[in-house]
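# Fold and geometry: a report
Letter by letter, the chains look like this.
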Amino acid sequence: MLALLGLIMVVTFTYLIMSKRLSPIVALTIVPIVFALVGGFAPDLGKMMLDGLKMVAPSAALLLFAILFFGLMIDAGLFDPLIRKILKRVNGDPIKIAIGTALLSLLVALDGDGTTTYMITCAAMLPLYKRIGMNPMILATVSMLSLSIMSGMSPWGGPATRAIAALGLDATEYFIPMLPTVIGGAAWVVFTAYLLGRAERRRIGNIALESGGGNCYIKEILGDNPHKRPRLAYVNLVLVIAVMTALVLGLMHAAILFMIGFVAALMINYPQLDLQKERILAHSGNAMTVVLLVFAAGIFAGIFSGTKMVDALAQTLVDWIPEAWSHWFPLVVALTSMPLTFVLSNDAYYFGVVPILANAAAAYGIDPVEIARASVLGQPVHLMSPLVASTLLLVGMVDRDIGDFQKATVKWAVLTSLVITALALLTGALSFMV
């Protein structure tokens with residue numbers, strides 16, 4: 001009954017936000033409360049929600065200061081040289097723009113951080129999308145798929161790191177057989193960008209933009225405002241490199257690093273108090289929207305975990321898998337990781353569900369490392385979830401609703417998961433039979 005209640009809750013929540021019956025913030029908060037009351041969890045409801053808020057508080061702080069930090073870097077014009085080079089290359093061709101988006105996001109996503117990937121990619125490409133009338137959902141889709149490949153499957157990315165830690169595996173043993181899948185997945189993302197760009201070219205045509213003169217489209221896109229600080233470009237670049245290096249080395253929590261980086265950037269670029277206040281207010285709307293969604297997602301995750309609905313769903317899944325499918329267990333894990341990671345946070349899935357699946361697989365003689373590899377193949381679908389903080393940032397940056405985002409990306413996300421699953425099977429990262 002608990003598993004059924006959890007399943008109905010997830011279906012109800014997904015329907016309400018995709019049909020726009022409720023806003024994501026309202027649905028993330030109200031729906032789990034109602035189902036918890038129906039399940040008889042009223043006495044513990046407050047504690048569950050508070051636990052959920054505590055769980056997401058670091059992520060909320062991270063996104064708040066990351067948005068402000070990169071917002072200041074964009075204001076100061078740090079990324080203008082990179083944007084200028086990309087604009088000269090792609091001009092107004094939707095296919096080149098979409099492929100350029102894929103290559104840029106794949107490169108930036110190597111650091112494993114979704115917030116950084118989306119901030120830099122959107123800063124570089126969104127003005128051009130707006131300039132020629134391209135659908136910004138293409139930017140969002142390609143960026144999300146790039147992150148799911150480069151961060152989702154690499155051992156320094158969040159999902160694989162959790163799977164390796166939860167099962168006590170060796171990172172090298174996990175990753176080397178996955179390399180062909182990662183490379184093939186990256187190629188698939190570029191191909192997907194080509195398909196999306198080709199469809200957009202049919203819709204709006206190939207627009208020739210002027211690359212010089214008084215009507216220079218590059219100047220138009222980049223703008224010329226008093227907030228840019230070209231003379232401080234190298235100082236800002238050093239600051240960004242320092243923050244990202246400390247992030248990769250794990251010197252401090254990411255939220256603290258971005259807070260320090262934001263304060264330093266504010267003092268360096270806008271030492272006057274009135275300018276500091278103006279720049280903070282300029283980015284506060286976007287930051288507040290994302291932070292509120294993260295806290296609402298914490299309510300959902302806290303109740304989902306606290307009521308043990310997630311445990312019941314996972315155990316039911318294991319119980320329902322026929323013994324005849326035992327030789328295909330890694331494939332089953334790969335396929336079920338799509339819906340499970342959509343409704344669960346990475347922590348809940350990799351620390352709560354994956355060990356259960358690994359124990360079940362061990363009974364069939366399957367190496368836990370295969371379960372770890374299989375468990376990350378649903379990341380393209382996971383990144384559609386409103387429970388993913390960086391996804392909420394991406395949706396906010398392209399100024400779209402989460403429901404519209406899911407409708408636009410669901411086909412490509414599922415297809416990408418199936419493609420990388422097939423690649424993992426064909427290259428031996430997952431076995432067909434024991």
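A quick note: this is a predicted structure, and the numbers were derived from the prediction, not measured. (Residues numbered from 1 in each chain as written. Predicted model: local features only at pLDDT ≥ 70, side-chain atom pairs only at ≥ 80, totals over all residues. Heavy atoms only, no water.)

## Observations regarding the overall build of the chain
For clarity, the threshold we go by: A run of H or I in DSSP becomes a helix once it reaches four residues, and a run of E becomes a strand once it reaches two; helices and strands are each numbered from the N terminus. Only protein chains enter the accessibility calculation, which uses a 1.4 Å probe; a residue whose area is less than 20% of its type maximum is buried, one above 50% is exposed, and one in between is partly exposed. Residue contacts are defined here by distance: any two heavy atoms, one from each residue, within 4.5 Å place the two residues in contact. In short, Shrake-Rupley with a 1.4 Å probe defines the accessible areas, and a residue's cover is counted only from the protein chains shown.
Per the secondary structure count, the chain includes 21 helices and zero strands. For the chain, buried positions account for 55% of its 434 residues. Within the chain, contacts between residues at least 6 apart in sequence are counted, and of these 80% link residues at least 24 apart. When the accessible surface of the chain is summed, it comes to about 18,200 Å², and 67% of that surface belongs to carbon and sulfur atoms.

## A word on unusual backbone geometry
If you check the backbone angles, Lys 308 has positive phi at about 70 degrees while not being a glycine. Tracing the backbone through its elements, the reader meets Lys 308 in the loop between helix 14 (273-306) and helix 15 (309-320). Judged by its relative accessible area of 47%, Lys 308 is partly exposed.

## Structural notes on the environment of Phe 342
With respect to the secondary-structure elements, Phe 342 resides in helix 16 (residues 329-343). When the C-alpha atoms of Phe 342 and Met 384 are compared, they prove to be 7.0 Å apart, with 42 residues separating the residues in sequence. Setting aside residues up to four positions removed in sequence, Phe 342 forms contacts with Thr 14, Val 381, His 382, Met 384, Ser 385, Pro 386, Leu 387 and Gln 406.

## Concerning the side chain of Arg 373
Selection rule: The convention is simple: Lys and Arg are positive, Asp and Glu are negative, and His and the chain ends are not counted. A pairing counts as a salt bridge when a side-chain nitrogen of Lys or Arg comes within 4 Å of a carboxyl oxygen of Asp or Glu.
Within the secondary structure layout, Arg 373 lies in helix 18 (residues 368-375). One buried charge, Arg 373, has no salt-bridge partner; the nearest side chain with opposite charge is Glu 173, at 5.4 Å. With residues near it in sequence (within four places) discarded, Arg 373 still touches Glu 173, Tyr 174, Pro 177, Met 178, Ala 429 and Leu 430.

## Topic: the environment of Ala 408
Considering the arrangement of structural elements, one finds Ala 408 in helix 21 (residues 402-427). Between the alpha carbons of Ala 408 and Ile 138 there is a distance of 8.5 Å; along the sequence they are 270 residues apart. The contacts of Ala 408, once residues within four sequence positions are left out, are Met 137 and Thr 141.

## Quick notes on the pattern of salt bridges
Oppositely charged side chains are able to pair whenever their charged atoms sit close together. Inspection of every chain in the model, using the stated rule, returns five salt bridges. Among the ionic pairs, Asp 75 bridges to Arg 279, the shortest N-O distance being 2.9 Å. Of this pair, Asp 75 sits in helix 3 (residues 45-75) while Arg 279 sits in helix 14; the two residues are 204 residues apart in sequence, bridging distant segments of the chain. The same class applies to Asp 75 and to Arg 279, which are both buried. Two residues, Glu 278 and Arg 279, come together in a salt bridge whose shortest N-O distance is 3.3 Å. In this structure Glu 278 comes out as partly exposed when scored by relative accessible area, which is 35%. Residue Arg 279 is classed as buried on the basis of its relative accessible area, which comes to 9%.

## Focus on helix 5 (residues 94-108)
Helical geometry: 3.6 residues make up each α-helical turn, so side chains three or four residues apart lie on a common side. Basically, it comes down to this: Here the expected length of a helix is defined as 1.5 Å per residue gap, with one fewer gap than residues. The term polar contact refers here to a pair of N or O atoms within 3.5 Å; inside protein, the definition further demands a hydrogen-donor-capable atom paired with an acceptor-capable atom, and it admits residues adjacent in sequence only when both atoms are side-chain atoms.
The end-to-end C-alpha distance of helix 5 is 21 Å, a good match for the 21 Å that 15 residues give at a rise of 1.5 Å each. With 11 of 15 residues buried, helix 5 is to be regarded as a mostly interior element. Where helix 5 starts, the residue carrying a side-chain oxygen 3.0 Å from the main-chain nitrogen of Ile 95 turns out to be Asp 93.

## Side note on the nonpolar core
Convention followed: Think of a nonpolar core as a cluster: buried Ala, Val, Leu, Ile, Met, Phe, Trp, Tyr and Cys residues, connected wherever their side-chain atoms sit within 4.5 Å.
With 142 residues, the main nonpolar core has Phe 69, Tyr 174 and Phe 258 as its most contacted residues. Beyond its immediate chain neighbours, meaning those up to four positions away, Phe 69 contacts Leu 239, Val 240, Val 243, Phe 258, Gly 261, Phe 262 and Ala 265. Counting residues in each nonpolar core, the second largest holds seven residues, with Ala 36, Met 48, Met 49 and Ile 303 among its members.

## Focus on the packing of helix 16 against helix 21
What describes two packed helices is the angle between their axes and the distance between those same axes. The criterion, for reference: Axes, fitted as lines to C-alpha atoms, cover a helix only where it is in contact. Angles between the N-to-C directions of the axes lie from 0 to 180 degrees. The cut-offs work like this: below 35 degrees is roughly parallel, past 145 is roughly antiparallel, 65 to 115 is roughly perpendicular, and the gaps in between are oblique. By convention, the crossing between two helices is left-handed when the near helix turns anticlockwise from the far helix through less than a right angle, and right-handed when the turn is clockwise. Residue type decides the class: Asp, Glu, Lys and Arg count as charged, Ala, Val, Leu, Ile, Met, Phe, Trp, Tyr, Cys and Pro as nonpolar, and the leftover types, Gly among them, as polar.
Here helix 16 crosses helix 21 at 155 degrees, and the two axes come no closer than 10 Å. The angle between the axes of helix 16 and helix 21 places the two elements in the roughly antiparallel class. Judged by the twist between their axes, the crossing of helix 16 over helix 21 is right-handed. Along its contact with helix 16, which presents Leu 331, Ala 334, Leu 335, Met 338 and Phe 342, the element helix 21 presents Gln 406, Val 414, Ser 417, Leu 418, Thr 421 and Leu 425. Considered class by class, the residues forming the contact of helix 16 with helix 21 number eight nonpolar, three polar and no charged.

## As for a nonpolar patch on the surface
Selection criterion: To count toward a patch, a residue needs a relative accessible area above 30% and no salt bridge. Like charges then connect within 9 Å, nonpolar side chains (Val, Leu, Ile, Met, Phe, Trp, Tyr) within 5 Å.
Together, Leu 249, Leu 251, Met 252, Ile 256, Met 259, Ile 260, Val 263 and Met 267 give the surface a local cluster of nonpolar side chains, amounting to about 760 Å² of exposed area. With five residues, helix 13 (residues 254-269) is the single largest residue contributor to the nonpolar patch. Taking the relative accessible area as the measure of exposure, Ile 256 reaches 36% and is therefore partly exposed.

## A short note on the confidence of the model for the chain
Put simply, the rule is: By definition, pLDDT measures how confident the predictor is in each residue, and it falls between 0 and 100.
Overall, the prediction assigns the chain a mean pLDDT of 82, with 90% of residues at 70 or greater. With pLDDT under 50 throughout, residues 212-216 is counted as low confidence; its partners more than four residues away or in other chains account for three contacts.

## Examining the packing of helix 6 (residues 114-132) against helix 7 (residues 136-150)
Contact geometry for helix 6 and helix 7: axes closest at 10 Å, N-to-C directions at 150 degrees. In terms of orientation, helix 6 lies roughly antiparallel with respect to helix 7. Where helix 6 crosses over helix 7, the two elements pack in a sense that is right-handed. Across the interface between the two elements, Gly 114, Thr 117, Tyr 118, Thr 121, Cys 122, Met 125, Leu 126 and Tyr 129 from helix 6 touch Pro 136, Ile 138, Leu 139, Ser 143, Met 144 and Leu 147 from helix 7. Residue composition of the contact of helix 6 with helix 7, by class: 10 nonpolar, four polar and no charged.

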